[in-house]
Amino acid sequence: MLPAVEEPLVTRMRRFGETIFAEMSQLAADHGAINLGQGFPDTDGPRSLLDGATRRIQEGVNQYPPGPGRSELRGAVAEERQRLHGLSYDPDGEVYVTVGATAGIASAVLGLVEPGDEVVLLEPMYDSYAGAIALAGATRRPVALRPDPADGNRFTFDPDELRAAVGPRTRMVIVNTPHNPTGTVLTPAELETIADVCRRNDLIALTDEVYEHLTFDGVAHTPLASLPGMRERTLSLSSAGKTFSVTAWKTGWATGPRPLIRAMQTVNQFLTFTANGALQLAVADALREETGWVRQQREALESKRDRLSEGLRAAGFTVLRPHGTYFLMADIRPLGYTDGIEFARELPRSAGVAAVPAQVLYDNPDEGRHLVRFAFCKRDEVLDAAVERLANHTG
């Protein structure tokens, strides 16, 4: 029998408890609150996608697919990269299917980063990055995104801070654009700054592009891999979950040069091995046939962003209107609050609405202590009900 231990969790993971998204969702459930915290839509994706998955399951596509993923999906991903961005990837060796982008990110970090290495990334950050880096025994070097003086609705970084974050042990830069939680879409100039740092310091770039199709106001997403000298050093992750409103499907993919794909695959085969084959086939069809649905979804989300932004402003928040993703950031200081965690934990009980405090997504929490994140990927009537509750609470 193993001896009793007070804390059996490995040391490097002890600072990680339940994710903030799970905590806020539970508070929403406990208080019957409208959940604008966790980023999942409350409507389904295109009918053809759902029917395609059902049909494949009923036809018997229920056993292990190939480890790298079904050739149909790998081919569809390669076609999309070429069509949209002029990036050429060989489906056999340069495209790899994962159990959502999150598993791909973890496998990439574990396969490419040594214990003691450093990883530069932008904060606030999606929380899985910190967990993956800790599992690898590496160290985070965050660079803060702050409101852009030239455009108060978006966030940007200081190029000098980015350059200063790179040291002799730096191995990787993680780039998330469109960015969760700020909703910022990095500009070509900002991406070129990152690319220059990677080229000068021989760094690997890991890009999280799951919101690549969800950009607004005519703002376009630019893959970092499309910049000069970056394809050979960039591993890019995306997925079907956000694009097609099927977040529970956990069907993602990576594109990149063979050595980076091989490193990720070497780890991933011992974690999740492979992803649901029936869903892969349905997603492959949707990538080719449902571009119109994606465009309509993007337009609908842009309208929802405006709807929630206007309502939050009327309720007294200062709103930073995003150019992409499911999310917007709101400043709580005009309401007399200074601590986002305190505000977010009180809100489900006092107002019947749940949000996510941004400060938990920073290594330097003071940078975002006054900000909370709201998700607008909900039906209009849900957004309207949330705004009415908030207005009654703050008014």
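Residues numbered from 1 in each chain as written. Predicted model: local features only at pLDDT ≥ 70, side-chain atom pairs only at ≥ 80, totals over all residues. Heavy atoms only, no water.

Once that is clear, we can look at the overall build of the chain. What the chain contains, in helices and strands, is 13 helices and 15 strands. Computed over C-alpha atoms, the radius of gyration of the chain comes to 21 Å, within 12% of the 21 Å expected from 2.2 N^0.38 for 395 residues, which places it in the range of a compact globule. Overall, the C-alpha framework of the chain stretches about 60 × 60 × 50 Å when taken along its three principal axes. The burial tally for the chain puts 57% of its 395 residues in the buried class. Pairs at least 24 apart in sequence give 74% of the contacts found in the chain among residues at least 6 apart. Element-wise, carbon and sulfur atoms account for 49% of the exposed surface of the chain, whose accessible area totals about 16,200 Å². Separation between the mean location of the 41 positive side-chain charges and that of the 52 negative ones in the chain comes to 3 Å. (Helix = DSSP H or I, 4+ residues; strand = E, 2+ residues; numbered from the N terminus. Rg over C-alpha atoms; globule rule 2.2 N^0.38 Å. Buried < 20%, exposed > 50% of the residue type's maximum accessible area, 1.4 Å probe, protein only. Contact = heavy atoms within 4.5 Å. Areas by Shrake-Rupley, 256 points an atom, 1.4 Å probe, with all protein chains shown as cover. Lys, Arg positive; Asp, Glu negative; His and termini not counted. Charge placed at Lys NZ, Arg CZ, Asp CG, Glu CD.)

Along the chain, Ala28 turns up in helix 1 (residues 20–31). Residue class for Ala28 comes out buried when judged on its relative accessible area of 4%. Contact partners of Ala28, with chain neighbours within four places excluded, come to Ala33, Asn35, Pro348 and Ala354.

Another point: the nonpolar core. Grouped together as the largest cluster of nonpolar side chains are 61 residues, with contacts concentrated most on Val109, Leu235, Phe317 and Phe374. Counting residues per element, this core draws most heavily on helix 4 (residues 100–112), at 6 residues. The residue makeup of this core includes at least three contributed by each of domain 1 (11–44 + 292–394) and domain 2 (47–289). Other than its neighbours up to four places away in sequence, Val109 contacts Ala132, Ile133, Ala136, Met172, Ile174 and Leu206. (Core = buried A, V, L, I, M, F, W, Y, C linked by side-chain atoms within 4.5 Å. Domains from an automatic or database assignment.)

The 4 strands are arranged 11-12-15-14 in an open sheet whose pairing can be described as antiparallel. Of all the strands in the sheet, the pair left with one neighbour each is strand 11 (318–320) and strand 14 (356–357). For strand 12 (residues 327–331) and strand 15 (residues 371–375), the ladder comprises 5 bridges, and the chain directions are antiparallel. Bridged to Ala330 within strand 15 is Val372. Strands strand 11, strand 12 and strand 15 of the sheet are contacted by helix 11 (residues 291–314), whose axis makes an angle of about 10° with strand 12. (Pairing = 2+ DSSP bridges. Axes fitted to C-alpha atoms, helices over the stretch in contact; angles between N-to-C directions.)

A separate point is the packing of aromatic side chains. Think of a pair of aromatic rings as described by two things: how far the centres are apart, and how the planes are tilted against each other in angle. If you walk through the whole model with that rule in mind, you get 11 aromatic pairs. Look at Phe317 and Phe343: their rings are 6.0 Å apart centre to centre, the planes differ by 80°, and that puts the pair in the edge-to-face class. One end of the pair, Phe317, is in the loop between helix 11 and strand 11; the other, Phe343, is in helix 12 (residues 340–350), and 26 residues separate them in sequence. Judged on exposure class, the residue Phe317 and its partner Phe343 are both buried. Among the aromatic residues, those joined into a ring-pair cluster are Phe317, Tyr337, Phe343 and Phe374. (Phe/Tyr/Trp six-rings, centres within 6.5 Å; stacked < 30°, edge-to-face > 60°.)

Empty space among the atoms becomes apparent when a probe as large as a water molecule is rolled across them. Considered as a void within the structure, the largest pocket measures approximately 980 Å³ in volume. Contributing to the lining of the largest pocket are 43 residues, with Thr19, Phe21, Tyr126, Asp127 and Ser128 lying nearest its centre. Within the residue set of the lining of the largest pocket, elements represented by two or more residues are helix 1, helix 4, helix 5 (127–135), helix 8 (240–243) and helix 12. Of the residues contributing to the lining of the largest pocket, the split by class is 18 nonpolar, 14 polar and 11 charged. A domain split of the lining of the largest pocket shows at least three residues from each of domain 1 (11–44 + 292–394) and domain 2 (47–289). For the second largest pocket, the calculated volume is near 380 Å³. Contributing to the lining of the second largest pocket are 20 residues, with Leu84, Glu212, His213, Val294 and Arg298 lying nearest its centre. When contributions to the lining of the second largest pocket are tallied by element, the ones reaching two or more residues are helix 3 (71–85), helix 10 (277–289) and helix 11. When the residues that make up the lining of the second largest pocket are grouped by side-chain class, the tally is 7 nonpolar, 7 polar and 6 charged. (1 Å grid on protein atoms, 1.4 Å probe; cavity = no way out; pocket = protein on both sides within 12 Å on 5 of 7 lines; lining within 4 Å. Points joined across faces, edges and corners; volume = space filled by probe spheres on them. Nonpolar A, V, L, I, M, F, W, Y, C, P; charged D, E, K, R; others polar.)

With that out of the way, let us pick up helix 1. Here helix 1 is 12 residues long and its end C-alpha atoms lie 17 Å apart, about the 16 Å a rise of 1.5 Å per residue gives. Inspection of helix 1 places Ile20, Phe21, Glu23, Met24, Ser25, Leu27 and Ala28 among the buried residues, and these make up the whole buried set. Tucked into the core, helix 1 has its buried residues touching strand 1 (34–35), helix 5, helix 12, strand 13 (353–354), strand 14 and strand 15. Residue Gly32 follows helix 1 closely and has a positive phi angle near 60°. (Expected span 1.5 Å × (residues − 1).)

Per the domain assignment, the segments of the chain are domain 1 (11–44 + 292–394) and domain 2 (47–289). Of note, the centres of domain 1 and domain 2, computed from C-alpha atoms alone, are 24 Å apart. In terms of surface lost to domain 2, no three residues of domain 1 exceed His323, Thr325 and Leu361, which account for 20% of the buried area on that side. If you look at where domain 1 meets domain 2, you find 4 salt bridges. (Buried area = accessible area lost by both parts, 1.4 Å probe. Salt bridge = Lys/Arg side-chain N within 4 Å of Asp/Glu carboxyl O.)

The subject of this paragraph is helix 5. Across the 9 residues of helix 5, 7 count as buried, placing the element largely inside the fold. Buried within helix 5 we find Ser128, Tyr129, Ala130, Gly131, Ala132, Ile133 and Ala134. Residues of helix 5 that are buried in the fold lie against helix 4, strand 3 (118–123), strand 4 (139–144), strand 7 (170–176) and strand 8 (204–208). Among the residues trailing helix 5, Gly137 stands out with phi positive, at a value near 75°.

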